[in-house]
Structures are given as C-alpha cells and as structure tokens.
Amino acid sequence: MKNYAEMMFSEAVSDLQKKDGSYDKYQAGYRHRTQDGFEPQDVAFIQSRESFYIASTSPDGWPYVQHRGGPQGFLNVTGPSQIACLDYKGNRQFITMGHLKTDDRVSLFLMDYMQRARLKLQGHATLKSLEEADPALVKQLDPTGKPAERLLVIDVVAMDWNCPKYIPQMFTKPVVETLLARGLDDLQKENEQLRARLAELGVGEA
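Worth saying up front: this structure is predicted, and the values here are computed from it rather than measured.

**Some words on the pairing of strand β6 (residues 117-129)**
As paired strands, strand β5 (residues 105-112) and β6 are joined by eight bridges and run antiparallel to one another. Bridging from a neighbouring strand, Phe109 pairs with Lys120 of β6. Count of turn residues in the β5/β6 antiparallel hairpin: four residues, of which Arg116 carries a positive phi of about 55°.

**Observations regarding the nonpolar core**
Core analysis: the biggest nonpolar cluster contains 22 residues, and Phe52, Ile83, Leu108, Leu110, Leu121 and Ile154 have the highest contact counts within it. Of all elements in the fold, only α4 (40-47), β1 (51-57), β4 (82-87), β5, β6 and β7 (150-162) reach the threshold of two or more residues within this core. Not counting residues within four places of it along the chain, the set of residues in contact with Leu108 comprises Phe52, Tyr53, Ile54, Ile83, Leu119, Lys120, Leu121 and Ile154. Membership of the second largest hydrophobic core comes to nine residues, among which are Ala84, Leu86, Leu137 and Val153.

**Brief notes about the side chain of His99**
Inspection of the secondary structure assignment puts His99 in helix α5 (residues 95-100). Its relative accessible area of 10% is what places His99 among the buried residues. When sequence neighbours within four positions are dropped, the list of residues in contact with His99 reads Ser56, Thr57, Ser58, Pro59, Trp62 and Tyr64.

Reading the values: the criteria
- Residues numbered from 1 in each chain as written.
- Predicted model: local features only at pLDDT ≥ 70, side-chain atom pairs only at ≥ 80, totals over all residues.
- Heavy atoms only, no water.
- Pairing = 2+ DSSP bridges.
- Helix = DSSP H or I, 4+ residues; strand = E, 2+ residues; numbered from the N terminus.
- Core = buried A, V, L, I, M, F, W, Y, C linked by side-chain atoms within 4.5 Å.
- Buried < 20%, exposed > 50% of the residue type's maximum accessible area, 1.4 Å probe, protein only.
- Contact = heavy atoms within 4.5 Å.

Just geometry here; none of it tells us what the structure is for.
Set out below in structure tokens:
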C-alpha cells in the first residue's frame, strides 16, 4: 500500500499544515505508517462492520457519498489489500455505479460508533456482474441469502486509522436491548430476594 500522508497531503494541504504548525507532527507521525497489506486487527475491524460510507466522484468533479449496510460479515477481506461485498438492489439511481465508469477511485469511511473508532480507506473499485464473479466468493459474501445484483471489489491503496475526537458514542439496538435485558434480570432477582427476606421477617402478613 501507499503511505496515506504522501497520497493525501497535497502541496495545498501541506501549506495549510505549515501555517497551522502541524506539518512536522504529521510528517513524523505518518513516516512509519505504511504497510504492505491488512494486519489482523484491520481484518477483524473490517469484517465486523455493519455499514460503511463510500465516496465517488462525477465526471464534473462533484463528490457523492453513499451508505452501504448489512449484517456483520457482509464486508469481507478477500486479499492482502482487497475488500469486497455484494451489491443489492437499491433506489435505482446508479450514481456510484455511473461514477465508477469514468473514475474508479473511491474513499471509504468505516465507523465503529460504540468504540469511537474510524478507519479510512482509499482504493480502486470495480463492480462485476454475478456471472463474472467467482461463485465461491459470492457464496462467501452472502450471509443472508438475499438475491444480489453485483459484486463490489475494492483494491485498497492506502489506509489510515483516525483519532476518535468528535465521534459520538452510539449503541446499536441489539446492544441496548441486551444491556436492558441484563439490567431487568438483575432487578427481578433482587426483587425476588427482597420478597423472600420480607416473608422470613413476617413483614406484610395479616
């Protein structure tokens, strides 16, 4: 993979960093952050996502951001620096799909709001029909059995773990339901224990 800073910190960006006084800090911090491919913690994070944001660019240079979601495992690491997911029927606008016909460069944000973590990926995206795709890979990426239309493959060329600053901490509905259920179970047990103790003391008896 390429060094994220060398790829994204253009001359204009570097000039702004120099004016701000942050240029040297970023040069030192990113110098050793180049890696050949995904590391185990990267793979675990990517494959535990239930959604991600993907940005593409129109032929006129207008950026467009789309949200993709699915059950854990719908986004999968399929190579040392490659990720893929199935593309399902959407609102039929085909904006991202159209953009990729003229510029295959994309930017992805993978968010973990509960842990306040963010992984940024830059890469080249390809949309393949299911007839063109490897059947074994399609089966691997199909955790629900829902009919897909295409296969989205992204060859990642740079990545960056971003700081948690300003990421709101949010919890998914299943996590909240689990926590509430545990709390209710504890309250129920405590209530039963108190009732038993009151019965032993004869409190409340006629």
